[in-house]
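Chain and residue survey
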Amino acid sequence: MLQSESITFAYDKENQFLFPDIKLEKEEDLLILGESGVGKTTLIQILAGLLKPQSGTLKYNGLSYHDLPSKELDQFRGKHIGMVFQRPHFVRNISILDNLLLSLYLSNNEQDKELAIHLLEQIGLADKLNCKPDELSQGEQQRAAIAMAVVKNPDIILADEPTSSLDDTNCDKIITLLKEQASSTNAQLIIITHDSRLKSQFKKSIIL
Amino acid sequence: MNIRRLGWRNLLSNPLNTTLSLLLMTFGVGVISLLLLLNNQIEQQLKANLKGIDMVVGAKGSPLQLILSSIYHIDNPTGNISYAEANKFSKNSLVDFTIPLSFGDSYNGFRIVGTTPQYPELYEVSLKEGRMWSRSLEVVLGSTVADVHQLKIGDTFYGTHGLVEGGHVHDDYAYEVVGILEPSYSTMDQLILTNSHSVWKVHNHETIDDDHDHANCDHDHDHHDHANCDHDHSEEVELSISEDLSIPDDAMITALLVKFKSPVGFIQLPRKVNETTSLQAAVPALEISRLTSLLGFGVKTINGIAYIIIIVSGLSIFISLYNSLKKRRYELALMRVHGASKWQLVKLVLQEGMTLSLLGAIFGVLISRLTLFFMTFLMEQKYAVSSFQFNLINEELWLFPIALFIGLAASLIPTIQTYNINIPKTLSNA
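The rules we used
- Residues numbered from 1 in each chain as written.
- Chains lettered and ligands numbered in written order.
- Predicted model: local features only at pLDDT ≥ 70, side-chain atom pairs only at ≥ 80, totals over all residues.
- Helix = DSSP H or I, 4+ residues; strand = E, 2+ residues; numbered from the N terminus.
- Buried ≥ 20, exposed ≤ 12 C-beta atoms within 10 Å, placed from the backbone.
- Contact = placed C-beta atoms within 7 Å.
- Rg over C-alpha atoms; globule rule 2.2 N^0.38 Å.
- Axes fitted to C-alpha atoms, helices over the stretch in contact; angles between N-to-C directions.
- Parallel < 35°, antiparallel > 145°, perpendicular 65-115°, else oblique.
- Left-handed = near helix turned anticlockwise from the far one by under 90°.
- Nonpolar A, V, L, I, M, F, W, Y, C, P; charged D, E, K, R; others polar.
- Pairing = 2+ DSSP bridges.
- Expected span 1.5 Å × (residues − 1).
- pLDDT = per-residue confidence, 0-100.
- Bend = angle between axes of the 7 residues up to and from the residue.
- Core = buried A, V, L, I, M, F, W, Y, C linked by C-beta atoms within 7 Å.

What chain B contains, in helices and strands, is 16 helices and 12 strands. In chain B, which comprises 430 residues, the share counted as buried stands at 42%. Counting contacts in chain B only where the partners sit at least 6 residues apart, residues at least 24 apart contribute 79% of the total.

Attention shifts here to the overall build of chain A. A tally of regular secondary structure across chain A gives 6 helices and 9 strands. Against the globule reference of 17 Å for 208 residues, chain A gives a C-alpha radius of gyration of 17 Å, in line with a compact fold. Overall, the C-alpha framework of chain A stretches about 50 × 40 × 30 Å when taken along its three principal axes. Per-residue burial over chain A gives 42% buried out of 208 residues. Considering only contacts in chain A between residues 6 or more positions apart, those separated by 24 or more positions represent 71%.

A few words now on the environment of Thr 98 of chain B. Residue and element names in this part refer to chain B. Position of Thr 98 among the secondary structure elements: in strand S3 (residues 95–107). Classification of Thr 98 by C-beta neighbours within 10 Å gives buried; the count is 20. Linking Thr 98 and Ile 302, residues 204 residues apart in sequence, is a C-alpha distance of 41 Å. Setting aside anything within four residues of it in sequence, one finds Thr 98 in contact with Phe 89, Ser 90, Leu 256, Leu 257 and Val 258.

Residue and element names in this part refer to chain B. The interhelical angle for the contact between helix H12 (residues 284–337) and helix H15 (residues 399–419), taken along N-to-C directions, is 30°, at an axis separation of 9 Å. Taken together, the axis directions place H12 and H15 in an arrangement best described as roughly parallel. Where H12 crosses over H15, the handedness of that crossing is right-handed. For the pair formed by H12 and H15, the contact residues are Ile 310, Ile 311, Ser 313, Gly 314, Ile 317, Phe 318, Leu 321, Tyr 322, Leu 325 and Leu 332 on the first element and Ile 402, Ile 406, Gly 407, Ala 409, Ala 410, Ser 411, Ile 413, Pro 414, Gln 417 and Thr 418 on the second. Along the lines of polarity and charge, the residues of the contact of H12 with H15 split into 14 nonpolar, 6 polar and no charged.

Now for the pairing of strand S4 (residues 110–115) of chain B. Walk down a regular strand and you will see the side chains alternate between the two sheet faces. Residues and elements named next belong to chain B. A large share of S4 lies buried, amounting to 6 of its 6 residues. Going residue by residue along S4, you find Phe 110, Ile 112 and Gly 114 tucked away on one face and Arg 111, Val 113 and Thr 115 tucked away on the opposite face as well. Two successive antiparallel strands, S3 and S4, enclose a turn made up of 2 residues, where Asn 108 displays a positive phi of approximately 50°. As paired elements, S4 and strand S9 (residues 191–195) share 5 bridges and run parallel to each other. Bridge assignment links Val 113 to a residue of S9, and that residue is Leu 193.

Moving on, we get to the sheet that holds strand S7 (residues 156–160) of chain A. Residues and elements named next belong to chain A. Sheet architecture is open: 5 strands sit in the order S6-S7-S8-S4-S9, paired in parallel fashion. For this open sheet the edge positions go to strand S6 (81–84) and strand S9 (205–207), each flanked by a neighbour on one side alone. Going across the sheet, the axis of each strand differs from the next one's by a mean of 15°, ignoring polarity. Summarising the sheet, S6 and S7 pair through 4 bridges and their orientation is parallel.

Time to look at helix H5 (residues 138–150) of chain A. All names here are of chain A. Its 13 residues place the ends of H5 19 Å apart at the C-alpha level, agreeing with the 18 Å of an ideal helix rising 1.5 Å per residue. Burial within H5 is extensive, with 10 of its 13 residues counted as buried. Along H5, the positions that sit buried rather than exposed are Gln 141, Gln 142, Arg 143, Ala 144, Ala 145, Ile 146, Ala 147, Met 148, Ala 149 and Val 150. Next to the buried residues of H5 lie S6, helix H3 (96–106), helix H4 (113–122), S7 and helix H6 (168–184).

So, about the confidence of the model for chain B. Residues and elements named next belong to chain B. On average, residues of chain B score 82 in pLDDT, and 87% of them reach the 70 mark or higher. The low-confidence segment residues 205–245, where pLDDT is below 50, has 53 contacts with residues more than four positions distant or belonging to other chains. Overall fold confidence (pTM) sits at 0.71, and the ipTM for the predicted complex is 0.91.

In an α-helix, one full turn covers 3.6 residues, which means residues spaced three or four apart are oriented alike. Residue and element names in this part refer to chain B. Over its 21 residues, H15 runs 29 Å from end to end, which matches the ideal 30 Å to within 8%, given 1.5 Å per residue. Where H15 bends most, the angle comes to about 45°, and this point is Leu 412, followed within four residues by the proline Pro 414. The set of residues buried in H15 consists of Leu 399, Ala 403, Ile 406, Gly 407, Ala 410, Ser 411, Pro 414, Thr 415 and Thr 418.

In this section: the nonpolar core. The biggest cluster of nonpolar side chains holds 94 residues, and the ones touching the most others in it are Leu 100, Ala 147, Ile 157, Leu 158 and Ile 190 of chain A. Here this core takes 13 residues from H12 of chain B, the largest share from any one element. Membership of the second largest hydrophobic core comes to 53 residues, among which are Ile 71, Tyr 83, Leu 137 and Tyr 175 of chain B.

Let us now look at the interface of chain B and chain A. Listed by partner, the interface residues are 21 residues for chain B and 27 residues for chain A. Counting only elements with at least two residues in the side of chain B that touches chain A, the list comes to helix H1 (3–12), H12 and helix H16 (423–429) of chain B. Counting residues per element, the side of chain B that touches chain A draws most heavily on H12 of chain B, which supplies 6 residues. In the side of chain B that touches chain A, the residues fall into 10 nonpolar, 7 polar and 4 charged.

What follows deals with unusual backbone geometry. The backbone of Asn 108 of chain A sits at a positive phi, close to 60°, despite the residue not being glycine. Of note in the backbone geometry, Gln 150 of chain B takes a positive phi value of approximately 50° without being a glycine. Secondary-structure assignment places Gln 150 of chain B in the loop between helix H6 (143–149) and strand S7 (156–161).

Residue and element names in this part refer to chain B. Mapped onto the elements of the fold, Thr 415 is located in helix H15. As for Thr 415 and Asp 96, which are separated by 319 residues in sequence, their C-alpha atoms are 67 Å apart. The residues touching Thr 415, leaving out its near neighbours within four places in the chain, are Val 346, Val 349 and Leu 350.

Checked against the element boundaries, Ala 409 of chain B lands in helix H15. For the pair Ala 409 of chain B and Ile 317 of chain B, spaced 92 residues apart in sequence, the C-alpha separation works out to 9.6 Å.

Now the structure itself:
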C-alpha cells in the first residue's frame, strides 16, 4: 500500500509544489494527470525515492522509505520500483538481454537468463536479444525499456509520460503492454502524464 | 552481468580511446622496463665476465680500453707489451696467478686469443667435445664460434690479421680445431683459443723455431715431448704448459690478467706498475663503475622521457574516462534508478581506469622482454649477451604501483563526478 500525505517540494521560491495526497490500495493502478510545469516529473522522482520531499509523509507498506540510509534506499528502489521513462534509455554498450540481466543484478535478484529471454519473447523481441540498444527501432526500444523495468518483478511500476510521443495505435499498444506486465507480475502501475487519451483506461486518477 | 563485466564491455566499446591509453602506458612502462633490464643485463654481464680478475696489465693508453679489449674483447687492444716484463709480476707475493693474452688476429670477426688453458678454466668452461690444445696451431673454439661457422673437430681455417673481417689472411699457417667449449654465456663463447705460441708463430717466424715446434710431436720422439704424442686425445694441460716453457725472452703479449691473493694487492700493485714500469695497470672494477656511471646519464634521460610518457598515458586515460562519462551520465543515473549504489558506480569507473593502467604496465613489461629477446638474438654473435631472464627484476616491481597510481589519479575526477551524480537532474535533462 502506497500512501502520501501533503508532500511538498520546492526548487526555489517560484517553483513550489504541494502535491495531492495519494492513497493506493494493493492491486490498484493510478493515473496522475497534469499539464506541463505542475511538477509531474518531480512527483514521480519523489515516488521513486530519487528526490526527497521537503515535508509530508510518504510510506510504502508502512515504511517511510525516504528516511532509509542512501544505500538501503538504492536497494529499496531496485527491489520494489520499476521505472519507465518517456524516452527509452539503456546502458548502450551491452545487449538488450544484458541490460535486463544488469537490471536483475543491480536489484539483487538472481540473474535468470531464461526469465529474461522469455520476457523479451513475450513482447516480441525474440530476435533482438543480442542486439545493442541502438540497433532497435523506437518502438522496440520502448518495449525493451518496459521489459527492463518489469524483469525484476517490482511492486510498483512508475511510468513517466510513456505515451506522449506516440500515435494512437502505439499508445494503446504500450498501455496494454504496461497493464499486462503489471498484472502478470502483480505490480501496481502508476502513470504520470499529460496525455488525456489515457483517462478512459484507468479507474483511478488524480489531477495535479 | 555484473560491474566487472560491464566495465570490460565499456572499454571494448571504445576501442580507439582504449587502444591509445593502453599504447601510451605500454610504451612508457616498456621503455623503463627495457632500460632496467638492459642495465641489469649489462651490469650482470660485465660482472660475470670479470671472473675475479683484479688487475689487467697492458700497454699504456686508456685504462678503459685496456679493460674492454682484454676482458670483454669488444675494443681494440692498447698495444703489445713484453711478456718477460709483464711476467715479473707473476712472482710478486701479492699475486695469486696471472694469465697472458695475445691477440690481434681473428677469423670472420671472432678473435683468436693466444693464452694458457688456465684462461677457460677461470671462466669455468669445460670442453663439450675434443680436447685442449697441446701444441701450436691447435685451437679450441667458443660455442658461438663453432655454431656460427659450423666448425667441427678436425676442420682447419686461416686467421686474418686484425680484429675485423677483411684483413690480410695469414695463409701460411692453418689452425686446426681440436676442441669445442660448452656454452657459458660469457666472452669465452666468442673466442678462438690457442696457445700463445701460435700467435707468435703466425706473426713472427723468427721468434720461435718453426721446425722445432712441428717436430715436437709428429716426428721427433725425444725427451719431454714424448708423452705429448701418446696421450694426444686426453686433456694435456700440464704438457701444453711444458711447451710454454720455451717462450723466448723477447716474446710480446697483449695483456696480462692478474688475480691478487689479498685486497692489499689493490693498494700496492696497480700503482707500482703505473709508476715504476712502462706498462699500464688497470683495475676492472674501477673502470666498470666509471663506465656505468657514464652510461647512467643517458639512461636517466631516457628514463625521464619514459616517465613523461606514462604521465601522458594517465592524461589520456583521464580524458577518455571523462569523455565517455559525459556521454554516459544518463546511463549511470539509470543504473542508480535500477538499484545501483553510489559505490557500485564508483567501482565501475575506477575499474575502467585501473584496468587500462595495469594492463598497460603488464603489456609494457612483456614488450620489453620481447624486445630484449630479439636484441639478444641479433647481438648474440657480436657480444656475449646471451643469458636471458624472463622473471621480473626488483626495480621493475615499482612499475606496477606507479601504473596503478597513475590509473587512480586519472580516475579521480571522473570518480568524484560519478559519486556526486545528481540523479533527478540528470534524468530530467536527458
